Every structure is written in structure tokens, then in C-alpha cells.
Amino acid sequence: NAGVTQTPKFRVLKTGQSMTLLCAQDMNHEYMYWYRQDPGMGLRLIHYSVGEGTTAKGEVPDGYNVSRLKKQNFLLGLESAAPSQTSVYFCASSGSGVYNEQFFGPGTRLTVL
Amino acid sequence: AQSVTQLDSQVPVFEEAPVELRCNYSSSVSVYLFWYVQYPNQGLQLLLKYLSGSTLVKGINGFEAEFNKSQTSFHLRKPSVHISDTAEYFCAVSLQGGGFKTIFGAGTRLFVKA
């Protein structure tokens, strides 16, 4: 039972490059989330999904896209990376309902030069 | 608008001393409350949560928190800390009543000194 896994763990991009971060969970959770963590700002929600095939914007969605084609996977894409997207990205999942705890992956540290 | 404020960005404390990490929130609707801990280079994990009922909630690793509705606070406490408690702690609030919104505080870095 791996919980929530994220790939890759580290990545360095040049401005304008694209990439996809992969999140996978094996807990059969309906809800999945992508956050970014920046010093002094806590976690900010980028996008989330309440079920397979559905996605919605969070607090800071600009510059990111997501897809949830399979229940267990949630992909975060950066089409044209910018230095402002340098951050640590966390994926999380939870059961249905906001009263459930979220289970977090180990994070992806992204640097955009 | 809803918000979560963690009143201290850093809390240094000596080993075996008590500690309190403060969290206040503002919301026009009822809330669920959470505390998460993040150890270095790891994701967040749940310490405890308040959904309803008793306002004193006990969590893992000897932590507890008290929900105070009148003061809109959910402070985290531990009577005696260990070196291994050094980590960042996040307070989070989820809104009841439909829709989806969970807001995290900016975090409090607890540093336990020998």
C-alpha cells in the first residue's frame, strides 16, 4: 500500500519548457488535489478533482492544467514554465467530503531557470 | 472571506518544555478544523481533526487541540516536546455546507532545542 506517490521528485526546467507531474494513489479516493508550497505562504490549491473525469480550479490555477482520466491518477501540466512557478508541488487525495483528512505525497521540487 | 492565521511563524522551545501553536480562523459558516505536521523533505500528515462534539481533541504523538468557537481558535498543544517534534505545523479549515474549500495557514516552524 504505497499511499500517494509523485513523479518526479526533482526537476529543473528552462523558461518556456513544458512538463507533466504525475500523482497516483492506491486508496480508491474520490478527491484529489494539487498544491504548491512557497516559503511563508503555506499551501495554495492549484486544481482539484472530485471524481474521475472532473476537474476544477483552485486558488492559483493560472499557468497550470490538469487531467484525471483514471480515478487513481491526477496529472498536473505546465505548458510554458515561468520562474514564478519555482516551488514545491504536493499532490493529495481524500475520501468524498471535506471533513476527511487529506493524504499527501512526498512532493516534487521544481526549479524554473 | 474565509482565512486562517497562524500567529507565530517560528517557535523555538527547549526539549521537555510545553508548547502551544496558535491558530485563528474567520468564516461565515461552520467549519471542520485540522492540524497537519510536515517533517523535513516530506509531505504533510494529519495530527488531529475536529469535526463536532467534544471541543478537546487528542491526536497522535501526544498532541491535543482545543476548539474555541467564541474566539474562533484551534490552538495546538503538547505538554512536553521532544527533539523529534521539530517540524512545520499547519492549521487547516474546511467549510461545511456544500461546495469545496480547504484553507491552510502559512505554517509554524517548531524548533526543539536540547
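Everything discussed here concerns the structure shown above.
Quantities reported herein were computed from a predicted structural model and do not represent experimental measurements.

What counts, and where the lines are drawn
- Residues numbered from 1 in each chain as written.
- Chains lettered and ligands numbered in written order.
- Predicted model: local features only at pLDDT ≥ 70, side-chain atom pairs only at ≥ 80, totals over all residues.
- Heavy atoms only, no water.
- Pairing = 2+ DSSP bridges.
- Helix = DSSP H or I, 4+ residues; strand = E, 2+ residues; numbered from the N terminus.
- Axes fitted to C-alpha atoms, helices over the stretch in contact; angles between N-to-C directions.
- Core = buried A, V, L, I, M, F, W, Y, C linked by side-chain atoms within 4.5 Å.
- Buried < 20%, exposed > 50% of the residue type's maximum accessible area, 1.4 Å probe, protein only.
- Contact = heavy atoms within 4.5 Å.
- Phe/Tyr/Trp six-rings, centres within 6.5 Å; stacked < 30°, edge-to-face > 60°.
- Lys NZ or Arg CZ within 6 Å of the ring centre and 35° of its normal.

Participant: Help me understand the sheet that holds strand E3 (residues 19-25) of chain A, please; the structure alone is not making it clear to me.
Facilitator: Across a sheet, paired strands are connected by hydrogen bonds in the backbone, their directions being either parallel or antiparallel. Residue and element names in this part refer to chain A. Reading across the sheet, the 4 strands line up as E1-E3-E8-E7 and stay open at both edges, with antiparallel pairing between neighbours. Bordering the open sheet on either side are strand E1 (4-7) and strand E7 (64-67), each of which pairs with just one other strand. Each adjacent strand pair in this sheet contributes to an overall mean axis angle of 20°, direction not counted. Both E3 and strand E8 (residues 73-78) contribute to a ladder of 6 bridges, which runs antiparallel. In the strand pairing of E8, Met 19 is matched with Leu 78.

Participant: Help me understand the nonpolar core, please; the structure alone is not making it clear to me.
Facilitator: Across soluble globular proteins, you tend to see nonpolar side chains buried next to one another. Residue and element names in this part refer to chain B. Of all hydrophobic cores here, the largest spans 30 residues; its most connected members are Leu 33, Trp 35, Leu 47, Leu 48, Phe 74, Leu 76 and Tyr 89. The dominant element in this core, judged by the number of residues it contributes, is strand E10 (residues 87-95), at 5 residues. Once residues lying within four places of it in the same chain are set aside, the contact partners of Leu 76 are Val 19, Glu 20, Leu 21, Trp 35, Leu 47, Leu 48, Phe 63, Glu 64, Ala 65 and Tyr 89.

Participant: Explanation requested: the packing of aromatic side chains in the structure shown.
Facilitator: Describing an aromatic ring pair means giving the distance of the ring centres and the angle of the ring planes. Residues and elements named next belong to chain B. In this structure the tally under the stated criterion is 11 aromatic pairs over all chains. Seen in terms of ring centroids, Tyr 36 and Phe 104 are 5.7 Å apart; in terms of plane orientation they differ by 45°. Their pairing is tilted. You can see Tyr 36 sitting in strand E5 (residues 31-38) and its partner Phe 104 sitting in strand E11 (residues 102-104), a full 68 residues away along the chain. Judged on exposure class, the residue Tyr 36 and its partner Phe 104 are both buried. Sitting above the plane of the Phe 14 ring, Lys 113 keeps its charged end 4.5 Å from the centroid.

By themselves these figures say nothing about function.
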